[in-house]
Structure formats: structure tokens, C-alpha cells
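Reading the structure
Below are the chains, spelled out letter by letter.
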Amino acid sequence: MSEDVGAQLRKGVVEPCILGLLAREPMYGWQLSEQLVAHGMIASIGTLYPILGRLRAQGLVSSFDEASPAGPVRKFYELTDAGRDRLGAFRQQWAPFSATVHQLVGAPDQRKDDSHD
């Protein structure tokens, strides 16, 4: 595999992570990117906007403009009902999925050398 395993894992979960952040509160792009970059989920804010565009096109997030006391109007993103449903479905599947992956790859091989009967 030529691509970093971590990059593949992040690609698979970055959208649900964005939905999870927006479930807490509406956020503008810079806020979202700071959270995601700090947690190593995206490399930069430039990575975020195409993902937000896909989420909007799928009807999972919507946006609204709000005046900022410290500059120009900010575009905030929030979950739609469909986004809440998608996040709920992800949450239901994530715990058993991650537990299974951990069971399969998370611990070193515990077999004894003499188990080859």
C-alpha cells in the first residue's frame, strides 16, 4: 500500500467527525478547521471546504451567514435533520466496528509457540 494507513483511516472518518462537531453547535469554517487540524483529522483549512461542499450537496449540513464583531460576515455550518440521522447511524455502527477491528488487529498475537499440534 503506497498511501499512509493513517491517511486512509482519516478519509473514512473525517465526514462523521465534522458532523459530530456540528452536532455540538453551528461553527464557521475556521472553527471547524482548527478543531480538525488540532486532532490530526485534516492537514489544513483547504481540505475542509470540498468536504463541506459534499456534505451540503448531500443535504447533511446547511449554512447561514452571521455578522462578526471582528470582521466580515462569517458563513456558519449546521446539521440538518438528515445530518443528525447520518451521524446517529454512524454512531450506532462505529462502536461495534471499532471493537471488532481492535479485536482483530489491536493486540499482539497471544498464541503459544507450542500450539502447533
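Here, every reference points to the structure presented above.
Attention here is on the structure that accompanies the text. Keep in mind it's a predicted model, so treat the numbers as computed, not measured.

**Observations concerning the overall build of the protein chain**
For the protein chain, the count of helices and strands is four helices and three strands. Each helix and strand of the protein chain, ordered N terminal to C terminal, gives the series α-β-α-α-β-β-α. Buried residues in the protein chain amount to 26% of all 117 residues. In the protein chain, the proportion of contacts linking residues at least 24 apart, taken out of those at least 6 apart, comes to 46%. Total accessible area on the protein chain stands at roughly 8200 Å², and carbon and sulfur atoms take up 54% of it.

**Structural notes on the packing of aromatic side chains**
Scanning the entire structure with this criterion turns up four aromatic pairs. Measuring from ring centre to ring centre gives 5.5 Å for Phe64 and Phe76, while their planes differ by 15°; the resulting arrangement is stacked. One end of the pair, Phe64, is in strand E2 (residues 61–68); the other, Phe76, is in strand E3 (residues 71–79), with 12 residues separating them in the sequence. Assessed through its relative accessible area of 26%, Phe64 is described here as partly exposed. Overall, Phe76 belongs to the buried group, its relative accessible area being 12%. Between Phe90 and Trp94 the ring centres are 5.4 Å apart and the planes differ by 20°, which places this aromatic pair in the stacked class. Here Phe90 and its partner Trp94 are both found in helix H4 (residues 81–106), four residues apart, which amounts to about one turn of the helix. Given a relative accessible area of 38%, Trp94 falls into the partly exposed group. Grouping aromatic residues by their ring pairs yields a cluster made of Tyr28, Phe64 and Phe76. The aromatic ring of Tyr28 is capped on one face by Arg74, whose charged end is 4.1 Å from the ring centroid.

**Digging into a nonpolar patch on the surface**
Together, Trp94, Phe97, Val101, Leu104 and Val105 give the surface a local cluster of nonpolar side chains, amounting to about 530 Å² of exposed area. Examined against the element boundaries, Val101 turns out to sit in helix H4.

**Digging into the nonpolar core**
Ile18, Leu19, Leu22, Leu32, Leu36, Leu48 and Leu55 are the most contacted members of the largest nonpolar core, which totals 20 residues. Looking at this core, the elements that each hand over two or more residues are helix H1 (5–24), helix H2 (29–38), helix H3 (45–57) and E3. Ranked by the residues each element gives to this core, the list is headed by H1, at six residues. Not counting residues within four places of it along the chain, the set of residues in contact with Leu19 comprises Leu55, Leu60, Val61, Leu79, Gly83, Arg86 and Leu87.

**Here's the deal with the sheet that holds E3**
A sheet is described by the order of its strands in space; here three strands give the open sequence E1-E3-E2, paired in antiparallel fashion. A single partner strand is all that each edge strand has here, and the edge strands are strand E1 (27–28) and E2. Note: E1 against E3, two bridges, orientation antiparallel. Paired with Tyr28 across the strands is Phe76, a residue of E3.

The rules behind the values
Residues numbered from 1 in each chain as written. Predicted model: local features only at pLDDT ≥ 70, side-chain atom pairs only at ≥ 80, totals over all residues. Heavy atoms only, no water. Helix = DSSP H or I, 4+ residues; strand = E, 2+ residues; numbered from the N terminus. Buried < 20%, exposed > 50% of the residue type's maximum accessible area, 1.4 Å probe, protein only. Contact = heavy atoms within 4.5 Å. Areas by Shrake-Rupley, 256 points an atom, 1.4 Å probe, with all protein chains shown as cover. Phe/Tyr/Trp six-rings, centres within 6.5 Å; stacked < 30°, edge-to-face > 60°. Lys NZ or Arg CZ within 6 Å of the ring centre and 35° of its normal. Patch = residues over 30% accessible without salt bridge, like charges linked within 9 Å, V, L, I, M, F, W, Y side chains within 5 Å. Salt bridge = Lys/Arg side-chain N within 4 Å of Asp/Glu carboxyl O. Core = buried A, V, L, I, M, F, W, Y, C linked by side-chain atoms within 4.5 Å. Pairing = 2+ DSSP bridges.

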